[in-house]
Amino acid sequence: MKPGRAIGISFPSGSLHTAVDTAQDLRQDAYNPHKMALPDSAATLTLQKCGKAFSLAPIRGFLGNNGYHWTGAMGTQERNSKQGDATDEETKKKIKQLLGHKKSSGNSKFQSRVFDAEWYTQTYPEVVGSSLNPLLHYYEIGADRGYDPSPFFSTNWYNKKYQDVASAGMNPLIHYEKYGYKEGRWPSAEFDPDFYSSNYLKDGSAENPLVHYIHFGHRNGNITQMRILQADQASKLQASEVAGNLHGRAHLSGDFSPLTATLSNLEDLESACVTKLPIFSAIEEEWMRESNFPSRLNFACIEECEIIPGSAMLFPKEGCVVNEEIERLLGKADGSSLVKNWQTTEVNKNRVTVQCLNVLTPVVREGIHLFKEYEQNFFHFVLELGVKLSFIEDNLNIASSVPLLVSDDLPDSIYQIIDRLKASDRPVLRLKRNALYRVNKLYYFSDIAQIVDCYHREPTDEDCFFPRTQVLKLVEKLKADVDDENRKERKIYLKRGSTYRALTNESSIIDVLLREGFEVVDTNGLSFQAQVDLFHTASTIIGPTGAAFTNLLWCRKRTNVLILYPRHPFSNTSFWNRISEIKGLNLAFLNGRRKGKVTGEHSMHDDFAIDPDELIQQLKLM
């Protein structure tokens, strides 16, 4: 969008030397709360990028007798000034008519930098066929039809919002540019002048923030406001509508910007009220006994904290980041073992750089943090965030009016889990992944589970932790609807996609298993409840390692499980071992030859093939 060009109308001083006197006399009739001094020279009316206007008909009639010099986008026209027969009294009468007009500016001098002639013409095509200059068309015709002079100023919204201006018969945009912006009034629902000024203008600047945005900020991607959505509003909306409300008119470029901060301890923050409950001790002691990376649990209420959906990163103040997982692993893990979102996050000693989207940054009044790297993965959500949410609702006594904050692109099965675990009347706000949000009051509970990616050494069972008691409570909540009376014994093979760790000879393996009475199941097309029912009725489960095996949580005791892996010294089975131990399953593994498609640091995720004969031998042992 190009800045609009000026259109000026100048009154020759010789013919209007009494105009100022008349305007001064009419000051009490004009809206001039700041008692601005009127000019002591000839009156000048300059109209540039202007909003809904007063009619120029009185001016044109006056100019017909007194001459004018008109310059602007439509060219330059001149007429010689002539004194004519107008007396001073007639001049005063004309000016009085002008200033007393129902859409007058309230002052004999006005300059606007908001009207966008190019945008106006494109938005309202009828202007092209009009004999009027776009600006004159807006003043004489468009304003009365509710047309906007610019994409950044809403005539109807301003009149409706500020009834004092409408009641006074003031031209809304002229009022805004002369008085309104100094009073902190908004030009539209999409532009917060206080927020914009505090972020982009110098302290004490008298500049109109909208004008700064139009001519400088817009092309630089400056943010115009932070949206506020309260919990009581969210509870009345569907989740998709909530997300649309927060980002409905965001300027999203798709590009990322780096955000760098120093790793800090949550307990050291002045803005965080940290609480430790007695129930934390049992989990901490279990974590200490059974994990390589023990942690302390904190429950915190943090004032004015920025978050990034899809990440556990917290930014409680400028230059400061909190991430308890990185803090636990720092110096003990490297590369993508330390940082799960390694594509968008970099850690250099205690400095963390995160890439976040260039979007309008909304603000949420309050909410419960429920984000984590890998959260779109069914396994990671259930064991890391599902267990956490279950614990929060059981133990932390957060008012049910406080919404859960979650990402807007999670699988349906995960949203179904959230609905089952949260308080029935707790709203859910779905926020845009990788965007930066500010939360006025953020409720944050520490990680209650730990799943370490081991890419540089052989994993051990101590690399994985989730608390037994809390996992079993989660299981009871989520499988409450299982029908045990009509249970059918089933043997199932879990089909896996071909993105990575693909079983390249899967058809041959399926042939073997079909002969043994197995069913082939793809959980991707199943609802959460259907997955619970399926695994609860299974007597034997076989398949390539993947998130579908999270459903082992719903299995009965002594269910037979065989998980297929690519043969690799760093293959991580610690999480399946822990689930098996908690649930009392009969668990075994069968490794297959890697195909060499994935090499290097992540080669344990390579495609592989299982020997059918080895599978048959394993089935005999089950």
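Residues numbered from 1 in each chain as written. Predicted model: local features only at pLDDT ≥ 70, side-chain atom pairs only at ≥ 80, totals over all residues. Heavy atoms only, no water.

**Focus on the overall build of the chain**
Then, number 1: Along the backbone of the chain there are 22 helices and 25 strands.
Then, number 2: Partitioning the contacts of the chain with sequence separation of at least 6, the portion at a separation of at least 24 is 74%. (Helix = DSSP H or I, 4+ residues; strand = E, 2+ residues; numbered from the N terminus. Contact = heavy atoms within 4.5 Å.)

**Re the sheet that holds strand S20 (residues 490-494)**
Then, number 1: As summarised here, the arrangement of the six strands in space is S21-S20-S22-S23-S24-S25, forming an open sheet in which the pairing is mixed. Each edge of the sheet is formed by a strand with only one pairing partner; in this case those strands are strand S21 (519-521) and strand S25 (608-609).
Then, number 2: Pairing between S20 and S21: three bridges, direction parallel. When the bridges of S21 are listed, Leu 494 appears paired with Val 521. (Pairing = 2+ DSSP bridges.)

**Looking at the packing of aromatic side chains**
Then, number 1: Summed over the entire model, instances satisfying the criterion amount to 27 aromatic pairs.
Then, number 2: Seen in terms of ring centroids, Trp 119 and Tyr 124 are 6.2 Å apart; in terms of plane orientation they differ by 90°. Their pairing is edge-to-face.
Then, number 3: A relative accessible area of 13% places Tyr 124 in the buried class.
Then, number 4: Chaining the aromatic ring pairs together yields one cluster made of Phe 153, Trp 157, Tyr 158, Tyr 162, Tyr 176 and Tyr 181.
Then, number 5: Across the ring face of Tyr 162, the terminal group of Arg 185 is positioned such that the distance to the ring centre comes to 4.9 Å.
Then, number 6: Sitting over the ring of Tyr 415, Arg 430 keeps its end group 3.5 Å from the ring centre. (Phe/Tyr/Trp six-rings, centres within 6.5 Å; stacked < 30°, edge-to-face > 60°. Buried < 20%, exposed > 50% of the residue type's maximum accessible area, 1.4 Å probe, protein only. Lys NZ or Arg CZ within 6 Å of the ring centre and 35° of its normal.)

**Brief notes about the side chain of Gln 450**
Then, number 1: Take Gln 450: it is sitting in strand S18 (residues 450-451).
Then, number 2: Classification of Gln 450 as buried rests on a relative accessible area of 0%.
Then, number 3: Among the polar contacts listed, one links the side chain of Gln 450 to the side chain of Glu 325, at a separation of 3.1 Å.
Then, number 4: A polar side-chain atom of Gln 450 sits 2.6 Å from a polar atom in the side chain of Arg 328.
Then, number 5: In this structure, Gln 450 is in contact with Trp 287, Glu 325, Arg 328, Leu 329, Asp 463, Cys 464 and Phe 465, ignoring residues within four places of it in sequence. (Polar contact = N/O pair within 3.5 Å; in protein donor to acceptor, adjacent residues only side chain to side chain.)

**Considering the packing of helix H16 (residues 378-395) against helix H17 (residues 412-421)**
Then, number 1: It is the contact of H16 with H17, at a shortest axis distance of 10 Å, that shows an interaxial angle of 15°. In terms of their interaxial angle, H16 and H17 are classed as roughly parallel. Taken as a pair, H16 and H17 cross one another with a handedness that is right-handed. Contacts between H16 and H17 pair Phe 378, Phe 381, Val 382, Gly 386, Leu 389, Ser 390 and Glu 393 from the former with Ser 413, Ile 414, Ile 417, Ile 418 and Leu 421 from the latter.
Then, number 2: Tallied by class, the residues present in the contact of H16 with H17 amount to eight nonpolar, three polar and one charged. (Axes fitted to C-alpha atoms, helices over the stretch in contact; angles between N-to-C directions. Parallel < 35°, antiparallel > 145°, perpendicular 65-115°, else oblique. Left-handed = near helix turned anticlockwise from the far one by under 90°. Nonpolar A, V, L, I, M, F, W, Y, C, P; charged D, E, K, R; others polar.)

**Observations concerning the pattern of salt bridges**
Then, number 1: With the rule as written, the count across this model stands at 25 salt bridges.
Then, number 2: Asp 447 is the partner of Lys 372 in a salt bridge, and the nearest nitrogen-oxygen pair spans 3.0 Å. With Lys 372 in the loop between strand S14 (363-369) and H16 and Asp 447 in the loop between strand S17 (437-445) and S18, this residue pair connects regions lying 75 residues apart in the sequence.
Then, number 3: Where Lys 388 meets Asp 447, a salt bridge forms, and the shortest distance between an N and an O atom there is 3.7 Å. Taken together, the residues span a long stretch of sequence, with Lys 388 in helix H16 and Asp 447 in the loop between S17 and S18 at a distance of 59 residues.
Then, number 4: One connected set of salt bridges, linked through shared partners, spans Glu 286, Glu 290, Arg 468, Arg 578 and Glu 581. (Salt bridge = Lys/Arg side-chain N within 4 Å of Asp/Glu carboxyl O.)

**Points about H17**
Then, number 1: Within H17 the residues assigned to the buried category are Ser 413, Ile 414, Tyr 415, Ile 417, Ile 418 and Leu 421.
Then, number 2: Looking at the buried residues of H17, the elements they touch are H16, strand S15 (404-407), strand S16 (428-431), helix H18 (468-478) and helix H20 (528-537).

**Describing the state of the cysteines**
Then, number 1: Applying the stated criterion across every chain, the model contains zero disulfides.
Then, number 2: Cysteine Cys 273 remains unbridged, with the sulfur of Cys 301 as its closest cysteine sulfur at 6.7 Å.
Then, number 3: You can see Cys 454 has no disulfide; the closest cysteine sulfur is in Cys 464, sitting 10.0 Å from it.
Then, number 4: A relative accessible area of 6% means that Cys 454 is categorised as buried. (Disulfide = S-S within 2.5 Å.)

**Concerning the nonpolar core**
A general tendency of soluble globular proteins is for nonpolar side chains to be buried together.
Then, number 1: If you look at the biggest cluster of nonpolar residues, it comprises 65 residues, and the most contacted ones within it are Leu 383, Ile 418, Phe 445, Phe 466 and Ile 541.
Then, number 2: Not counting chain neighbours up to four residues away, the residues in contact with Leu 383 comprise Ala 449, Ile 451, Phe 466, Val 471, Thr 550, Leu 553 and Ile 579.
Then, number 3: Ala 272, Val 322, Leu 405 and Val 439 belong to the second-largest nonpolar core, a separate cluster that totals 20 residues. (Core = buried A, V, L, I, M, F, W, Y, C linked by side-chain atoms within 4.5 Å.)

**A look at the confidence of the model for the chain**
Reading predicted coordinates in detail is not appropriate for stretches of low pLDDT.
Then, number 1: Put simply, the chain has an average pLDDT of 76, and 74% of its residues get 70 or more.
Then, number 2: Taken as a whole, residues 1-88 scores under 50 in pLDDT and shows 211 contacts with residues more than four places along the chain or in a different chain.
Then, number 3: This model gives residues 91-109 a pLDDT under 50, and the stretch forms 56 contacts once residues within four places in sequence are excluded. (pLDDT = per-residue confidence, 0-100.)

**Some words on the environment of Asn 572**
Then, number 1: Counting through the fold element by element, Asn 572 comes out in the loop between strand S23 (560-566) and helix H21 (574-583).
Then, number 2: Of the residues examined, Asn 572 reaches a relative accessible area of 12% and is grouped as buried.
Then, number 3: Each C-alpha atom of the pair Asn 572 and Glu 458 lies 7.8 Å from the other, and the pair is 114 residues apart in sequence.
Then, number 4: Ignoring anything within four residues of it in the chain, the contact list for Asn 572 reads Val 452, Pro 459 and Tyr 565.
Then, number 5: In this structure the side chain of Asn 572 is engaged in a polar contact, spanning 3.3 Å, whose partner is the backbone oxygen of Val 452.

**Here we look at the pairing of strand S22 (residues 538-544)**
Then, number 1: When you tally the buried positions in S22, you get six out of seven residues, the bulk of the element.
Then, number 2: Judged from the four bridges that link them, S20 and S22 form a sheet pairing that is parallel. The partner of Ile 492 across the bridge, within S22, is Ile 541.
Then, number 3: Two strands pair when backbone bridges link them, and S22 and S23 are joined in this way by five bridges, in the parallel orientation. From the neighbouring strand, Ile 542 faces S23, where its bridge partner is Leu 562.

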